[in-house]
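Take a look at the letters that make up each chain.
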Amino acid sequence: DVKVTQSSRYLVKRTGEKVFLECVQDMDHENMFWYRQDPGLGLRLIYFSYDVKMKEKGDIPEGYSVSREKKERFSLILESASTNQTSMYLCASSLAGYSNQPQHFGDGTRLSIL
Amino acid sequence: DAKTTQPNSMESNEEEPVHLPCNHSTISGTDYIHWYRQLPSQGPEYVIHGLTSNVNNRMASLAIAEDRKSSTLILHRATLRDAAVYYCILRDVGGGSYIPTFGRGTSLIVHP
């Protein structure tokens, strides 16, 4: 089974801090994704990557950056955390061939910015 | 990706079949229909996908209308563990878009 592991289930940080969220997948997937999930808004895509060192903006990239130095690892960075970035963050991966390849999700990181 | 419309919530009794509808009237010929579900405190989980023909797997069945403007996810015998939010999304093979759009989904309540 595919395993997508997010480094923390719960995280509390302070306004203005630089925050790193880490995601690792063990199935050699080309594509990796970062979403945030908020009540009433569903999942919104922040960034995705289709190869090492490649990235594309999703629907809500403002205030975030990403890093993919190795195929199995995709990091989400909050450059200067703000309270409106308090959310559930979900990482996913999939094989290339995007239209009919399912995404595999981690269990999420619930981030609180105080 | 084209939009989908799902009811906000549905209820079922345990061990009864559940039919979860999804409307996608603007679907294109190259859109795949994917279903995911999200259990409480977990990330979404892939359930099933299809293009034109009905599909079955160990988790569920997917019935696709002949005109492809709607589809139905069928859980043959609901259990308490099936209580989750179910998402219907479209993925376009031709448009080059990597981005699947998850709406609010349908919250399924299963009564013992």
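Above this note sits the structure.
Small disclaimer: the values here were computed from a predicted structure and weren't measured.

Participant: Which parts of the structure should I look at to understand the interface of chain B and chain A?
Facilitator: The figure often quoted for interface size is the accessible area lost as the parts come together. Counting from both sides, the interface comprises 22 residues of chain B and, opposite them, 22 residues of chain A. Between chain B and chain A, roughly 2,000 Å² of surface is buried when both sides are summed, and carbon and sulfur atoms account for 58% of that area. Summed over the shared surface of chain B and chain A, the result is zero salt bridges. On the surface where chain B and chain A come into contact, there are five residue pairs in polar contact (both at pLDDT 80 or more). Every element with two or more residues in the side of chain B that touches chain A is listed here: strand 3 (31-38), strand 4 (45-50) and strand 8 (84-92) of chain B. Sorting elements by how many residues they give to the side of chain B that touches chain A places strand 3 of chain B first, with four residues. Class assignment for the residues of the side of chain B that touches chain A results in ten nonpolar, nine polar and three charged.

Participant: For this particular structure, what's the right way to read the state of the cysteines?
Facilitator: Linking two cysteines covalently through their sulfur atoms gives a disulfide. All names here are of chain A. Tallying each qualifying case throughout the model produces two disulfides over all chains. Between the sulfur of Cys 23 and that of Cys 91 lies a disulfide, 1.9 Å long from S to S. Across the S-S bond of Cys 23 and Cys 91 the torsion is about -80°, and the bridge reads as left-handed. Of this pair, Cys 23 sits in strand 3 (residues 19-25) while Cys 91 sits in strand 9 (residues 87-94); the two residues are 68 residues apart in sequence, bridging distant segments of the chain.

Participant: Help me out: how do you make sense of the sheet that holds strand 4 of chain B in this one?
Facilitator: Each strand in a sheet pairs with another by means of backbone hydrogen bonds, the pair being arranged parallel or else antiparallel. All names here are of chain B. Spatially, the five strands line up as an open sheet ordered 1-9-8-3-4, and their pairing is mixed. Two strands bound the open sheet, and with one partner strand each, they are strand 1 (9-13) and strand 4. Strand-to-strand twist in this sheet, taken as the mean axis angle between neighbours without regard to direction, amounts to 25°. Sheet analysis places strand 8 next to strand 9 (residues 106-111), joined by three bridges and oriented antiparallel. Bridge assignment links Val 85 to a residue of strand 9, and that residue is Ser 107.

Participant: Before we go on, may I ask you to explain the pattern of salt bridges in this structure?
Facilitator: Where charged atoms of side chains with opposite charge meet at close range, the side chains can pair. For the structure shown, the criterion picks out nine salt bridges over all chains. Residues Glu 30 of chain A and Lys 71 of chain A are paired through a salt bridge, measuring 3.9 Å at the closest nitrogen-oxygen approach. Note that Glu 30 of chain A is positioned in the loop between strand 3 and strand 4 (31-38) and Lys 71 of chain A in the loop between strand 7 (64-70) and strand 8 (73-78), a separation of 41 residues in sequence. Taking relative accessible area as the criterion, Glu 30 of chain A reaches 25% and is therefore assigned partly exposed. In this structure, Glu 45 of chain B and Arg 37 of chain B form a salt bridge, with 3.1 Å as the shortest nitrogen-oxygen distance. Overlapping salt bridges, with partners in common, bring together Asp 28, Glu 30 and Lys 71 of chain A in one network.

Participant: It is not clear to me how the environment of Val 18 of chain B should be interpreted in this structure. Could you clarify?
Facilitator: All names here are of chain B. Examined against the element boundaries, Val 18 turns out to sit in strand 2 (residues 18-23). Residues Val 18 and Arg 77, 59 residues apart in the sequence, show an inter-C-alpha distance of 7.2 Å. Sequence-distant contacts of Val 18, defined by excluding residues within four places in its chain, comprise Ser 12, Leu 73, Ile 74, Leu 75, Ala 78 and Leu 108.

Participant: Honestly, the pairing of strand 4 of chain B in this entry has me stumped. Any pointers?
Facilitator: Residues and elements named next belong to chain B. Of the strand pairs in this sheet, strand 3 and strand 4 are connected by five bridges, and their pairing is antiparallel. Within the sheet, the bridge partner assigned to His 34 lies in strand 4 and is His 49. Hairpin geometry of strand 3 and strand 4 is characterised by an intervening segment of six residues between the two adjacent antiparallel strands and by a positive phi of about 65° at Ser 41.

Participant: Sorry, what's going on with unusual backbone geometry here?
Facilitator: Backbone phi values are negative for most residues with the exception of glycine, while trans is the configuration of most peptide bonds. Here Lys 53 of chain A, not a glycine, exhibits a phi torsion of approximately 65°, which is positive. Residue position: Lys 53 of chain A is located in the loop between strand 5 (42-51) and strand 6 (54-57). Residues other than glycine seldom take positive phi values, yet Ser 41 of chain B does so here, at roughly 65°. Along the chain, Ser 41 of chain B falls in the loop between strand 3 and strand 4. Ser 41 of chain B sits in the exposed class, given a relative accessible area of 56%.

Participant: Which parts of the structure should I look at to understand the packing of aromatic side chains?
Facilitator: Following the criterion strictly, the structure yields six aromatic pairs over all chains and no others. Relative to Tyr 46 of chain B, the ring of Tyr 36 of chain B has its centre 5.9 Å away and its plane inclined at 75°; by these criteria the two rings are edge-to-face. Of the two residues, Tyr 36 of chain B is situated in strand 3 and Tyr 46 of chain B in strand 4; the sequence distance between them amounts to ten residues. When its relative accessible area of 0% is taken as the criterion, Tyr 36 of chain B is described as buried. Clustering of aromatic rings is evident, with ring pairs tying together Phe 33, Tyr 35, Phe 48 and Phe 105 of chain A together with Tyr 36 and Tyr 46 of chain B.

Thresholds applied
Residues numbered from 1 in each chain as written. Chains lettered and ligands numbered in written order. Predicted model: local features only at pLDDT ≥ 70, side-chain atom pairs only at ≥ 80, totals over all residues. Heavy atoms only, no water. Contact = heavy atoms within 4.5 Å. Buried area = accessible area lost by both parts, 1.4 Å probe. Salt bridge = Lys/Arg side-chain N within 4 Å of Asp/Glu carboxyl O. Polar contact = N/O pair within 3.5 Å; in protein donor to acceptor, adjacent residues only side chain to side chain. Helix = DSSP H or I, 4+ residues; strand = E, 2+ residues; numbered from the N terminus. Nonpolar A, V, L, I, M, F, W, Y, C, P; charged D, E, K, R; others polar. Disulfide = S-S within 2.5 Å. Pairing = 2+ DSSP bridges. Axes fitted to C-alpha atoms, helices over the stretch in contact; angles between N-to-C directions. Buried < 20%, exposed > 50% of the residue type's maximum accessible area, 1.4 Å probe, protein only. Phe/Tyr/Trp six-rings, centres within 6.5 Å; stacked < 30°, edge-to-face > 60°.

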